[in-house]
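Summary of structural features
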Amino acid sequence: MNSKIDWSELFFSSTGRAGQMPSIIAAAVLLLFLAVYESVVTGALSFLNWVVYPVLFYCGACVLSKRLHDRGRSGWWAAVILLAVVMVWPRPQGFFDFIAVVVLAWAVIDLCVMPGERGDNRYGRTLFRLTPREG
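Residues numbered from 1 in each chain as written. Predicted model: local features only at pLDDT ≥ 70, side-chain atom pairs only at ≥ 80, totals over all residues. Heavy atoms only, no water.

**Notes on the overall build of the protein chain**
A count of helical and extended segments in the protein chain gives five helices and zero strands. For the protein chain, the succession of helices and strands along the chain, N to C, is α-α-α-α-α. Judged by the C-alpha coordinates and their principal axes, the protein chain covers about 65 × 35 × 20 Å. By the burial criterion, 32% of the 135 residues in the protein chain qualify as buried. In the form shown here, the protein chain has an accessible surface area of approximately 9,100 Å², with 69% of it arising from carbon and sulfur atoms. Of the charged side chains in the protein chain, 12 are positive and 9 negative, and the gap between their average positions amounts to 4 Å. (Helix = DSSP H or I, 4+ residues; strand = E, 2+ residues; numbered from the N terminus. Buried < 20%, exposed > 50% of the residue type's maximum accessible area, 1.4 Å probe, protein only. Areas by Shrake-Rupley, 256 points an atom, 1.4 Å probe, with all protein chains shown as cover. Lys, Arg positive; Asp, Glu negative; His and termini not counted. Charge placed at Lys NZ, Arg CZ, Asp CG, Glu CD.)

See the structure below:
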């Protein structure tokens, strides 16, 4: 696997594939930034929400799309996952939030636990070298 990650491409481009660990790190950075931002920004600075939330949403969509592509799925599934995050942030409260929690549990298992597809797929080249089989 390529040891160098282009973080700007991971956060700002939705094409191609991204591996497990860079995607997990990027998602953790985005969630941590969101938590810190919401705990610090209050009152008069809340006008920044109109800039910060769309940028975070876009970056999250890009990271999720790349990871979904690595799993062989369409990047449009990122919309379902991001909707679930919006529904349960900062804490789930109702029945539909329970459905969102189930979606997020599926996403964590599928995107964080399961490995990416081996070999090239329709979204890009493989992220790691395949060793030729010896017969």
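Read on, since the account is not over.
**Comments concerning the confidence of the model for the protein chain**
When the pLDDT values of the protein chain are averaged, the result is 90; 92% of them are 70 or greater. No element of the protein chain has a lower mean pLDDT than helix H5 (residues 95–113), at 94, and none a higher one than helix H3 (residues 49–70), at 96. (pLDDT = per-residue confidence, 0-100.)

**Things to note about the packing of aromatic side chains**
Any pair of aromatic rings gets described here by the distance separating the centres and the angle formed by the planes. The full count for this structure, using the stated rule, is six aromatic pairs. Ring pairing ties together the aromatic residues Phe33, Tyr37 and Tyr53, which thus form one cluster. (Phe/Tyr/Trp six-rings, centres within 6.5 Å; stacked < 30°, edge-to-face > 60°.)

**Describing the side chain of Asp97**
Checked against the element boundaries, Asp97 lands in helix H5. Arg91 provides the closest opposite charge to the buried, unpaired Asp97, separated from it by 8.9 Å. Here Asp97 is in contact with Met87, Val88, Arg91 and Pro92, once residues within four sequence places are set aside. (Salt bridge = Lys/Arg side-chain N within 4 Å of Asp/Glu carboxyl O. Contact = heavy atoms within 4.5 Å.)

**Side note on the nonpolar core**
Of all hydrophobic cores here, the largest spans twelve residues; its members are Leu10, Phe11, Ala18, Ala26, Leu30, Leu34, Tyr37, Val41, Val52, Leu56, Cys59 and Val63. Within the residue set of this core, elements represented by two or more residues are helix H1 (7–12), helix H2 (20–40) and H3. Beyond its immediate sequence surroundings of up to four residues, Leu34 is in contact with Tyr53, Leu56 and Trp89. Counting eleven residues, the second-largest nonpolar core is a separate cluster that includes Leu68, Leu82, Leu104 and Ala107. (Core = buried A, V, L, I, M, F, W, Y, C linked by side-chain atoms within 4.5 Å.)

**A word on H5**
With 19 residues, H5 should reach 27 Å at 1.5 Å per residue; the first-to-last C-alpha distance of 26 Å fits that figure. For H5, every residue scored as buried is listed here: Asp97, Ala100, Leu104, Ala107, Asp110 and Leu111. One side of H5 holds all its buried residues, which, seen down the axis, span an arc of 145°. Within H5, the exposed residues directed more than 90 degrees away from the buried face are Phe95, Phe98, Ile109 and Val113. The elements touched by buried residues of H5 are H2, H3 and helix H4 (77–88). (Expected span 1.5 Å × (residues − 1). Arc of directions from axis to C-beta.)

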